[in-house]
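What follows is each chain in one-letter form.
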Amino acid sequence: GDDPVCRWFWEVVRENFDQETRARLLQFVTGTAGVPSRGFSVLQGNDGNIRTFSIRDVDTTQYPFPRSHTCFNRIDLPYYKSKEWLHETLKIAVSTPATGFDMEEKMTPR
């Protein structure tokens, strides 16, 4: 679409993430590091229903880092002002071991 954050997200994934980082991103968003053999169109949520990969904008003041909802295969991306900041925060989010449901509180940018 025309949303710059969504466009930047896919550019970062294509241009800056190697296969391992892409797998970590997929794990972060969906709870699994592999794409289903029949493709993204058949991704399932934890309830067994088809839940396509989706991106939602969120307010940066409320959530400074990307958040995932693995039950719904959704990533919430703060509305960043630059592609570089999105890249840095996304890289941190997917490379940091899960610390529970309040990760953004522990990782507030300084």
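Now for a look at the structure at hand. Just so you know, these numbers come straight off a predicted model, no measurement behind them.

1. Focus on the packing of helix H1 (residues 4–16) against helix H3 (residues 83–95)
Two elements in contact, H1 and H3, have axes separated by 10 Å at closest approach and are oriented at 60°. Taken together, H1 and H3 sit at an angle that is classed as oblique. Crossing angle aside, the handedness with which H1 passes H3 is right-handed. Each of Val5, Trp8, Phe9, Glu11, Val12, Glu15 and Asn16 in H1 lies in contact with H3, whose residues at this interface are Lys83, Leu86, His87 and Leu90. Of the residues assigned to the contact of H1 with H3, the class counts are six nonpolar, two polar and three charged.

2. Overview of the pairing of strand S3 (residues 74–78)
In terms of burial, S3 is largely enclosed, as four of its five residues are buried. Sheet topology places strand S1 (residues 54–58) next to S3; five bridges connect them, and they run parallel. Each bridged residue has a counterpart across the sheet, and for aspartate 57 the counterpart in S3 is leucine 77. Sheet topology note: the strand S2 (residues 67–69)/S3 ladder contains three bridges and is antiparallel. In the sheet register, arginine 67 faces S3, and the bridge partner there is aspartate 76. Linking S2 back to S3 in an antiparallel pair, the connection comprises four residues, with asparagine 73 at a positive phi of about 55°.

Parameters and conventions
- Residues numbered from 1 in each chain as written.
- Predicted model: local features only at pLDDT ≥ 70, side-chain atom pairs only at ≥ 80, totals over all residues.
- Heavy atoms only, no water.
- Axes fitted to C-alpha atoms, helices over the stretch in contact; angles between N-to-C directions.
- Helix = DSSP H or I, 4+ residues; strand = E, 2+ residues; numbered from the N terminus.
- Parallel < 35°, antiparallel > 145°, perpendicular 65-115°, else oblique.
- Left-handed = near helix turned anticlockwise from the far one by under 90°.
- Contact = heavy atoms within 4.5 Å.
- Nonpolar A, V, L, I, M, F, W, Y, C, P; charged D, E, K, R; others polar.
- Buried < 20%, exposed > 50% of the residue type's maximum accessible area, 1.4 Å probe, protein only.
- Pairing = 2+ DSSP bridges.

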